[in-house]
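Observations on chain architecture
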Amino acid sequence: MMRTGTGFGDAGMPLRVDEVMALLSHVATVKGMKAAVANSGRGAMLTGASAFVGGMLGGPPGIAVGGALGGLLGWMTSGQFKSVPQVLMELPPAEKQKLCAEAMAVVKNLDWTDAAQLIALVMSNSALTEKVLGVLTTYLAHELKAQITYAE
């Protein structure tokens, strides 16, 4: 069986996922992407709780002070930023499949034999690189509810 860029069939599937994940990791590394995935709800809860306590103890000025202190506490205890390649590596197989399917929609017309060739093809075309970056950013923001930063 000959594998092509559309190779979402038969035995080619596991290799395609690994190759597309390698592409996504490479794009994230080049862009210096970091993501904080967990605990955003905890920071909001801390802010709200401390604003409530501040309001009970100090009235309207206490709400402002409590909210500010709670926001600071929430920020200090929020999820630590990890490199996006690390986040991608930690994804469960079902999530990798989902992300891979979205990225395949962008690179489906390319013909490649391995991850290195796929990466070279995508990185040599800035419009394609931006589309792949868009898929990755959208996935992280919407599916994982991650906060994303860039080194650029």
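Described below are features of the structure shown in this document. What you see as residue numbers is a count from 1 along each chain, following the sequence as written. Totals for whole chains, interfaces and linings use every residue, but because this is a predicted model, local features are given only for residues with pLDDT of at least 70 and side-chain atom pairs only at 80 or more, for both listing and counting. As a convention, hydrogens and water are excluded, and side-chain values are obtained from all of the structure's heavy atoms.

Quick word on the packing of helix 5 (residues 115-123) against helix 6 (residues 126-143)
Between helix 5 and helix 6, whose axes approach to 6 Å, the crossing angle comes to 110°. Taken together, helix 5 and helix 6 sit at an angle that is classed as roughly perpendicular. The residues of helix 6 that touch helix 5, namely those facing Leu121, Val122 and Met123, are Leu128, Thr129 and Val132. Looking at the contact of helix 5 with helix 6 residue by residue, the class counts come to five nonpolar, one polar and no charged. Orientation is described by axes fitted as lines to C-alpha atoms, over the contacting stretch for helices, and by angles from 0 to 180 degrees between their N-to-C directions. Secondary structure follows DSSP: runs of H or I at least 4 residues long count as helices, runs of E at least 2 residues long count as strands, and numbering of each begins at the N terminus. If an angle is under 35 degrees, it is roughly parallel; if it is over 145, roughly antiparallel; if it lies from 65 to 115, roughly perpendicular; otherwise it is oblique. Here a residue-residue contact requires only that any non-hydrogen atoms of the pair lie within 4.5 Å. Basically, the charged four are Asp, Glu, Lys and Arg, the nonpolar ten are Ala, Val, Leu, Ile, Met, Phe, Trp, Tyr, Cys and Pro, and anything else, Gly included, counts as polar.

Remarks on the sheet that holds strand 1 (residues 34-36)
Pairing within the open sheet is antiparallel, and its three strands lie in the order 2-1-3. Pairing within the sheet leaves two strands with one partner each, and these edge strands are strand 2 (82-83) and strand 3 (147-149). When DSSP locates at least two bridges between a pair of strands, those strands are taken to pair.

A short note on the pattern of salt bridges
Just to be clear on terms, a salt bridge is a Lys or Arg side-chain nitrogen sitting within 4 Å of an Asp or Glu carboxyl oxygen. Enumeration according to the criterion identifies four salt bridges in this entry. Here Glu130 and Lys31 are joined by a salt bridge, their closest N and O atoms 3.5 Å apart. Of this pair, Glu130 sits in helix 6 while Lys31 sits in helix 1 (residues 13-31); the two residues are 99 residues apart in sequence, bridging distant segments of the chain. For Glu143, the salt bridge identified is with Lys98, shortest N-O distance 2.8 Å. Within this pair, whereas Glu143 is found in helix 6, its partner Lys98 is found in helix 4 (residues 93-107), the two being separated by 45 residues in sequence. Only protein chains enter the accessibility calculation, which uses a 1.4 Å probe. A residue is then buried if its area is under 20% of the maximum for its type, exposed if over 50%, and partly exposed in between. Judged by its relative accessible area of 38%, Glu143 falls in the partly exposed class.

A few points about helix 6
Given a helix with a known number of residues, its expected span is that number minus one, times 1.5 Å. Compared with the 26 Å implied by 1.5 Å per residue over 18 residues, the 25 Å span of helix 6 between its first and last C-alpha is a close match. All of the buried residues along helix 6 are Leu128, Thr129, Val132, Leu133, Val135, Leu136, Tyr139 and Leu140. Viewed end-on, helix 6 has its buried residues packed into an arc of 155°, placing them on one side of the element. For helix 6, exposure combined with an orientation more than 90 degrees from the buried face picks out Ser126, Lys131 and His142. Whenever two N or O atoms come within 3.5 Å, that pair is a polar contact, provided that in protein one can donate a hydrogen and the other can accept it, and provided that, for residues adjacent in sequence, both atoms are side-chain atoms. Where helix 6 starts, the residue carrying a side-chain oxygen 3.1 Å from the main-chain nitrogen of Ala127 turns out to be Asn125. Just downstream of helix 6 lies Lys145, where phi reads positive at about 55°. This arc is taken over the directions from the axis of the helix to the C-beta atoms.

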